[in-house]
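# A look at the structure
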2 protein chains.
Amino acid sequence: MARGGAIVLSMVMSLRNQPGASSPSRAAIVDRARRLAAVEGLDGLSLARLAHDLGMSKSGVVALFGSKEALQLATVSIARDVFVEEVVAPVLSVAGGLDRLRALLESHVRYSEARRESGGCFFAATSSEFAGRPSSVRDAILAARAEWDAVLLRIVERAIGKGDLDPDTDAEQLAYQLRALLEAASTDALRLGTAEPHRRTRIAIEAVLRSAGAP
Amino acid sequence: MARGGAIVLSMVMSLRNQPGASSPSRAAIVDRARRLAAVEGLDGLSLARLAHDLGMSKSGVVALFGSKEALQLATVSIARDVFVEEVVAPVLSVAGGLDRLRALLESHVRYSEARRESGGCFFAATSSEFAGRPSSVRDAILAARAEWDAVLLRIVERAIGKGDLDPDTDAEQLAYQLRALLEAASTDALRLGTAEPHRRTRIAIEAVLRSAGAP
DNA sequence: CCTACCGATCGGTAGG
DNA sequence: CCTACCGATCGGTAGG
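Residues numbered from 1 in each chain as written. Chains lettered and ligands numbered in written order. Predicted model: local features only at pLDDT ≥ 70, side-chain atom pairs only at ≥ 80, totals over all residues. Heavy atoms only, no water.

Named according to an unreviewed UniProt entry, chain A is AcrR family transcriptional regulator originating from Microcella alkalica.

Written out as structure tokens, the structure reads:
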């Protein structure tokens, strides 16, 4: 059963590397774009600025991607992969149920703690940036977030299904509250520049889990 | 006592209108900028775009403000005033304590519900935009948010002080959790395009208040 | 408040 | 991957 759950999650969250489609340069550019976008956003990031940071010419960057939009889409894709690798993948070795849920939440809090000094989370920085106008980049960002929502929900459901939480727990409601706390840690820590939001989020997560029947 | 609390809050949250300092044009420009910034951000908004929307020339806008930065600062200021007027001011007539706290939270949820169709909340759209680089605009946004944090905290403290919540409640922790839920409603509703986040935030707020001893 | 203009920078193309 | 260049747009100024 724990095996089955892990397999389902692996499918949902499988890394999307397309072998052969990327050169070393492409990977270096996208990685740099990902880091810069977490600070300055994905739209404000200019091709010239990115190229200069990498010691290459602007048209060299354009030649590898075709357009800024294509570069942005590649950047969202790699940001999603990094998130999966750093936050989700490590907890799939933990037994499904409350243990895995706690591990996932702590993994996210630690991820966001590590991001604090380096300038913030990619998805936090870019989500509101594209919120207004419809675009393919916006769709890609929303799809990545929806995927994360689904993973969290599934792990919550499994904890309930296994009997680790009260059987009448509303999984979507619980997942929503936990997500609100994770995001608050991320945004508040960046805003205030302290570790206090992460501490408060950890406390609140435990309170919410306990009121859902967790020991 | 309820009177005293209202006076303190009124001081903290007094409207900052400087009479005489604004012409009708200035007010119209800033109001338009505020609405546009809630959708496209405050930095991406260009002077030419703003001027065109208002049917005037770009240099006309610049002449009234001196620089884009000054316009941005004026816009943050008016956005803060609108927030105070729409969210905080109405609840000051409610008796201090749990009633006022509930009224404030409901006021914020309704405010964010109303913003959903018109393209989002000004502070949600602009906070992450300036998070990276230090600037006077960033400082102004952070100051407005800190002010809101302080008001929420004060109203929570008052509910505890009045005995409406458990006396050993951690006011900062409770305020933090409530704020996380308010912000989740705002961002999720814009992202998903449904009213569900507001419904979930209302449910979660009541759960959090009850676990702090609210009837 | 306007027209006319400035240098800088944007994303992108031509041609190699 | 490069140099050289394109039209468009940026914030801002001059002068009225």
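Okay, back to it.
### A closer look at the overall build of chain A
Stated formally: Counting from the N terminus, the helices are the DSSP runs of H or I reaching at least four residues and the strands are the DSSP runs of E reaching at least two. Exposure classes here rest on a 1.4 Å probe applied to the protein chains alone. A residue is buried below 20% of its type maximum, exposed above 50%, and partly exposed in between. Note on contacts: a residue pair qualifies if any of its non-hydrogen atoms lie within 4.5 Å across the two residues. Method for areas: the Shrake-Rupley scheme with a 1.4 Å probe, in which residue coverage is limited to the protein chains shown.
On a plain count of helices and strands, chain A comes out with 10 helices and zero strands. For chain A, the N- to C-terminal ordering of α and β elements is α-α-α-α-α-α-α-α-α-α. Within the span of chain A, comprising 215 residues, buried residues form 47% of the whole. Restricting to contacts in chain A with at least 6 residues of sequence separation, those with at least 24 account for 71%. For chain A, the accessible surface area stands at approximately 9500 Å², while carbon and sulfur atoms represent 56% of it.

### Points about helix H10 (residues 196-211) of chain A
Residue and element names in this part refer to chain A. Spelled out, the test is: What a helix should span is 1.5 Å times the count of its residues minus one. By construction, the arc corresponds to the directions joining the helix axis to the C-beta atoms.
In a regular helix each residue adds 1.5 Å, so 16 residues correspond to 22 Å; H10 covers 23 Å between its end C-alpha atoms and thus fits that length. When H10 is considered as a whole, its buried residues turn out to be Pro197, His198, Arg200, Thr201, Ala204, Ile205, Val208 and Leu209. Burial along H10 is one-sided: seen end-on, the buried residues are contained in an arc of 165°.

### Focus: the protein's contact with DNA strand D
The condition that has to hold: Working definition: residue near molecule or strand if any one of its non-hydrogen atoms lies within 4 Å of it. In protein, a polar contact means a hydrogen-donor-capable atom and an acceptor-capable atom, both N or O and within 3.5 Å, with residues adjacent in sequence counting only if both atoms are side-chain atoms; elsewhere, any N or O pair within 3.5 Å suffices. All residues other than Ala, Val, Leu, Ile, Met, Phe, Trp, Tyr, Cys, Pro, Asp, Glu, Lys and Arg, Gly among them, are scored as polar; the first ten of these are nonpolar and the last four charged.
Neighbouring residues of DNA strand D: 15 residues in total, closest Ser57 and Ser59 of chain A together with Ser46, Lys58 and Lys68 of chain B. In the model, a phosphate oxygen of DNA strand D is placed 3.0 Å from a nitrogen or oxygen of the Ser25 of chain A side chain. Going through the elements one at a time, helix H4 (58-65) of chain A together with helix H3 (47-54) and helix H4 (58-65) of chain B are the ones with two or more residues in the surface near DNA strand D. Looking at side-chain class alone, the surface near DNA strand D contains six nonpolar, seven polar and two charged residues.

### Here we look at the packing of aromatic side chains
Note the cut-off: Aromatic rings from Phe, Tyr and Trp, with only the six-membered ring used for Trp, were paired whenever their centres fell within 6.5 Å, and each pair was classed as stacked if the ring planes differed by under 30 degrees, edge-to-face if by over 60, and tilted otherwise. Cation placement over rings: the criterion is NZ of Lys or CZ of Arg within 6 Å of the ring centroid and within 35° of the ring normal.
In the structure shown here, the tally under the stated rule is eight aromatic pairs over all chains. Plain terms: the ring middles of Phe83 of chain B and Tyr111 of chain B are 5.3 Å apart, the flat faces sit at 85° to each other, and that makes the pair edge-to-face. Of this pair, Phe83 of chain B sits in helix H5 (residues 68-88) while Tyr111 of chain B sits in helix H6 (residues 98-118); the two residues are 28 residues apart in sequence, bridging distant segments of the chain. Per residue, the accessibility class of Phe83 of chain B equals that of Tyr111 of chain B, and both read buried. Ring centres of Phe122 of chain B and Phe123 of chain B lie 5.1 Å apart, and the angle between their planes is 85°; on these two criteria the pair is classed as edge-to-face. The buried category is assigned to Phe123 of chain B, whose relative accessible area is 9%. Through a chain of ring-to-ring contacts, the aromatic side chains of Phe83, Tyr111, Phe122, Phe123 and Trp148 of chain A assemble into a single cluster. Sitting over the face of the ring of Phe130 of chain A, Arg133 of chain A holds its NZ or CZ atom 5.3 Å from the ring centroid.

### A closer look at the relation of the copies chain B and chain A
As a reminder, the rule being used: The copies were overlaid by least squares, fitting only the C-alpha atoms of residues that reach a pLDDT of 70 or more in each copy.
After a rotation of 180° and a shift along the axis of 0.0 Å, chain B superposes on chain A with an RMSD of 0.0 Å. Such a turn and shift between the copies fits a two-fold axis. Residue Ala180 of chain B of chain B places its C-alpha closer to the rotation axis than any other residue of that unit, at 2.8 Å. A shared interface surface links the copies, since 100% of the contact residues of chain B are contact residues in chain A too.

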